[in-house]
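Letter by letter, the chains look like this.
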Amino acid sequence: MKFPVAPTLLLAGIEERLVFVRPASIPGTELMAAYESSRRWHVFHERYAFCVCRKVAAGVRYRGQDEQLCDGSVVVREPGETHWNTFVAKPAEFKMLFVEPSLVGEAARELGQPGSFHFPPAAISNDPYLFRMLYQLCASIEAKRGGLEQQSLFAATLVALARHTERKAKVPEAICSKPGVVRAKAYLRERFNETVSLDELASVCGLSRFRLVHAFTKEVGLSPHAYQVHVRVERARALLLQRMSPATVAASMGFSDQSHFTRHFKRIMHVTPAQYASMGE
């Protein structure tokens, strides 16, 4: 990827901030998050680039076409292509995930599409599910959260992107994968406090990663990672009622630390672990 010469711009006292993260759990990917960016980007891509625009008002030229980007857009750029801004109307906030072509090609094969994904040039602005999945994936990478969370979101994002290719990939039906989903749920319950990778889970179930995530989410209503977190919180609840300290519970349930445990517990139970343990006395 080729960047503009100026690393930082100031516009009306607002300073641009760029963040780069290369997640160990998804080799071959790199995240760039941009905040308050008023620069006119002119970029050459050697990798796929999937960009989720939370805040943007700008013109862009790509494959000989001009387009205006707005808040809530998802932009896809393919290897070997160049794009540049024709104007920038306000400071932008976006997250761009760069993915090696081999990973996208692998996803295409697992989803039954020969070759690799090829996308129309226009931004995708009518798919809130894709926006949400890509944004959550990028946010998870930026926050350096767990591997299964990132891998599940990555697979879900590529499945969602497959629906927007010029040759529509055939997303597998979940109904054919129910036995695999049952095995996945049992495996996650059995190893609820262990680190489980998506590759490991897919191998146990006899499904591809993309089929597993698609089928699991459709059948259960949660991603594999979210399901594991719910199992951990439910078992943590029982330990809290036995007067075990939140710090000890967090460690025994496989959370990275007490704040990680508290964040997930409050999100699911709507109270902190300490508040829950003290209620009903």
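Residues numbered from 1 in each chain as written. Predicted model: local features only at pLDDT ≥ 70, side-chain atom pairs only at ≥ 80, totals over all residues. Heavy atoms only, no water.

*Asks:* So what exactly am I meant to see when it comes to the state of the cysteines here?
*Replies:* Here a disulfide denotes a covalent bond joining the sulfur atom of one cysteine to the sulfur atom of another. One pass over the structure, following the stated rule, counts 0 disulfides. In this structure Cys 70 is a free cysteine whose sulfur lies 8.7 Å from that of Cys 53, the closest cysteine sulfur available. With relative accessibility at 40%, the residue Cys 70 sits in the partly exposed group. (Disulfide = S-S within 2.5 Å. Buried < 20%, exposed > 50% of the residue type's maximum accessible area, 1.4 Å probe, protein only.)

*Asks:* Teacher, can you tell me more about the packing of aromatic side chains here?
*Replies:* The relative placement of two aromatic rings is captured by the distance of their centres and the angle of their planes. Counting across every chain of the model gives 9 aromatic pairs. Taken together, a centroid distance of 5.6 Å and an interplanar angle of 70 degrees make the contact between Phe 261 and Phe 265 edge-to-face. With Phe 261 and Phe 265 both in helix α9 (residues 258–269), this residue pair falls 4 residues apart, about one helical turn. Phe 265 shares its class with Phe 261; the two are buried. By way of ring pairs, the aromatic residues Tyr 48, Phe 50, Phe 117 and Phe 119 are connected into one cluster. Lying over the aromatic face of Trp 41, Arg 39 brings its terminal NZ or CZ to 4.8 Å of the ring centre. Above the plane of the ring of Phe 255 lies Arg 232, whose end atom (NZ or CZ) is 5.5 Å from the centre. (Phe/Tyr/Trp six-rings, centres within 6.5 Å; stacked < 30°, edge-to-face > 60°. Helix = DSSP H or I, 4+ residues; strand = E, 2+ residues; numbered from the N terminus. Lys NZ or Arg CZ within 6 Å of the ring centre and 35° of its normal.)

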